[in-house]
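The lines below spell out each chain.
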Amino acid sequence: MNRRDYLRSTLGGFAFIGTAGLGSALSAPSSPSAGKTAALSGSAGMASFAGNHNHPAEYELPQLAYSYDALEPHIDAQTMELHHSIHHQSYVNGLNNALAKLAEAREKNDFALVKHWSKEVGFHGAGHFLHAVFWDVMSPDGGGEPEDADLVRAINASFGSFEKFKAHYIAASSAVEASGWGILAWEPFHDRLLVFQAEKHQNLSPMVTVPLLPIDVWEHAYYLRYQNRRGDYVRAFMNVVDWDAVARRFHEARRMLG
Ligand code: MN
């Protein structure tokens, strides 16, 4: 996808600007029907805009590049299966439903419920895209520290050191109020990295940043194994972080938008 196509698919489609928007278009996994896996990048996660302009293709649940039990013991198989096949699927369904309702609204020229369905697009859209990235940045071979020189340099410049980043990221993710995400993101205007919290999927997120490393801290992401010990789960997550995938996302984001 070239830059123009990228911008069109990102900005010209729906208002997924925010943590979900740019990042999802960069590296969310493609749909299974596209024959790709969660490990691949591309326009992904975004439905095709070919065909009927009022009814773009539906979003689909991305396949994982690893099995549900592959991240044991850090993340258990039952949690992974429920999380991917039930929870993530519900965001995909909710997003498609909201978009269909908005297509209907355009057809009827009746926007009485546009506020409701727009909020649904924000919630389920961010939910879908963040989960897609979340699966993509985990690996049974993960953990440790990034090796990519540019990513290491960016982390050092933005946070002081990898250790300081890690402490900040773990603290922020552990302290998200109620349900949400801790997110390492790239901010394109000044080419720097930020750590922030997203409540639910979409609140409190700096707009137009590209999520590089989101961790899901909704209870469904950890409660079976970790119960109330979210911090333990966050620290365990660091053992499955696929830093090569994070570095790939970082380079793609800079290439497209830098
Ligand atoms: Mn989740």
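Parameters at a glance
Residues numbered from 1 in each chain as written. Predicted model: local features only at pLDDT ≥ 70, side-chain atom pairs only at ≥ 80, totals over all residues. Heavy atoms only, no water. Helix = DSSP H or I, 4+ residues; strand = E, 2+ residues; numbered from the N terminus. Buried < 20%, exposed > 50% of the residue type's maximum accessible area, 1.4 Å probe, protein only. Contact = heavy atoms within 4.5 Å. Areas by Shrake-Rupley, 256 points an atom, 1.4 Å probe, with all protein chains shown as cover. Polar contact = N/O pair within 3.5 Å; in protein donor to acceptor, adjacent residues only side chain to side chain. Patch = residues over 30% accessible without salt bridge, like charges linked within 9 Å, V, L, I, M, F, W, Y side chains within 5 Å. Salt bridge = Lys/Arg side-chain N within 4 Å of Asp/Glu carboxyl O. Pairing = 2+ DSSP bridges. Axes fitted to C-alpha atoms, helices over the stretch in contact; angles between N-to-C directions. Donors = N, O, S within 2.8 Å, 3.2 Å for Na, K, Ca; no water.

Q: So what's going on with the overall build of the protein chain? Which residues, and what values?
A: When helices and strands are counted, the protein chain shows nine helices and three strands. Sequence-ordered secondary structure for the protein chain, helices as α and strands as β, is α-α-α-α-α-α-β-β-β-α-α-α. Across the 258 residues that make up the protein chain, the buried fraction comes to 50%. Taking the intrachain contacts of the protein chain between residues at least 6 apart in sequence as the baseline, contacts between residues at least 24 apart amount to 68%. Counting every atom, the protein chain has about 11,500 Å² of accessible surface; 52% of that belongs to carbon and sulfur.

Q: If you had to explain the side chain of His-83 to someone new, which residues and values would you point to?
A: With respect to the helices and strands, His-83 occurs in helix H3 (residues 77–108). Look at His-83 and you get buried, because its relative accessible area is 1%. Looking at His-83, its side chain comes within polar contact range of the side chain of His-220, at 3.0 Å.

Q: Residue-level account of a nonpolar patch on the surface, with values.
A: Taken together, the side chains of Leu-82, Ile-86 and Leu-224 define a hydrophobic patch exposed on the protein surface, amounting to about 270 Å² of accessible area. Locating Leu-82 in the fold gives a position in helix H3.

Q: Could you give an account of the sheet that holds strand E2 (residues 192–199), naming the residues involved and the relevant values?
A: One open sheet accounts for three strands, arranged E2-E1-E3; its pairing is antiparallel. Single-partner strands in this sheet number two, and they are E2 and strand E3 (210–216). Strand-to-strand, the axes of this sheet are offset by a mean angle of 20°, without reference to chain direction. Pairing of strand E1 (residues 180–187) with E3, which is carried by six bridges, proceeds in the antiparallel orientation. Counted as the bridge partner of Gly-182 is Ile-215 from E3. Along the sheet, helix H5 (residues 149–159) contacts E1 and E2; its crossing angle with E2, the most-contacted strand, is approximately 70°.

Q: Give me the coordination of the manganese ion: which residues, what numbers.
A: The manganese ion binds to the protein through His-83 (NE2), His-131 (NE2), Asp-216 (OD) and His-220 (NE2), with metal-donor distances spanning 1.9 to 2.1 Å. The sequence pattern describing where the donors of the manganese ion fall on their chain is H-x47-H-x84-D-x3-H. With a gap of 48 residues between them, His-83 in helix H3 and His-131 in helix H4 (residues 114–136) connect regions that are remote in the sequence. By the burial criterion, His-83 is buried, and His-131 matches it.

Q: Tell me what's going on with the pattern of salt bridges, and back it up with residues and numbers.
A: Evaluation of the coordinates by the stated rule reveals eight salt bridges. Note that Lys-108 and Glu-104 form a salt bridge whose closest N and O atoms lie 3.3 Å from each other. With a gap of four residues between them, Lys-108 and Glu-104 both fall in helix H3, about one helical turn apart. Since its relative accessible area comes to 58%, Lys-108 is described here as exposed. You can call Glu-104 partly exposed: its relative accessible area is 33%. A salt bridge links Asp-150 to Arg-153; its shortest N-O distance comes to 2.8 Å. Taken as a pair, Asp-150 and Arg-153 lie in helix H5 at a separation of three residues, close to a single helical turn. Linked by salt bridges that have partners in common, Asp-136, Arg-248 and Glu-252 make up one network.

Q: Tell me what's going on with the pairing of E2, and back it up with residues and numbers.
A: Two strands pair when backbone bridges link them, and E1 and E2 are joined in this way by eight bridges, in the antiparallel orientation. Bridge pairing in E2 places Gly-180 opposite Glu-199. Counted between consecutive antiparallel strands, the loop separating E1 from E2 contains four residues, among which Asp-191 sits at a positive phi close to 50°.

Such coordinate-based values are descriptive only and should not be taken to indicate function.
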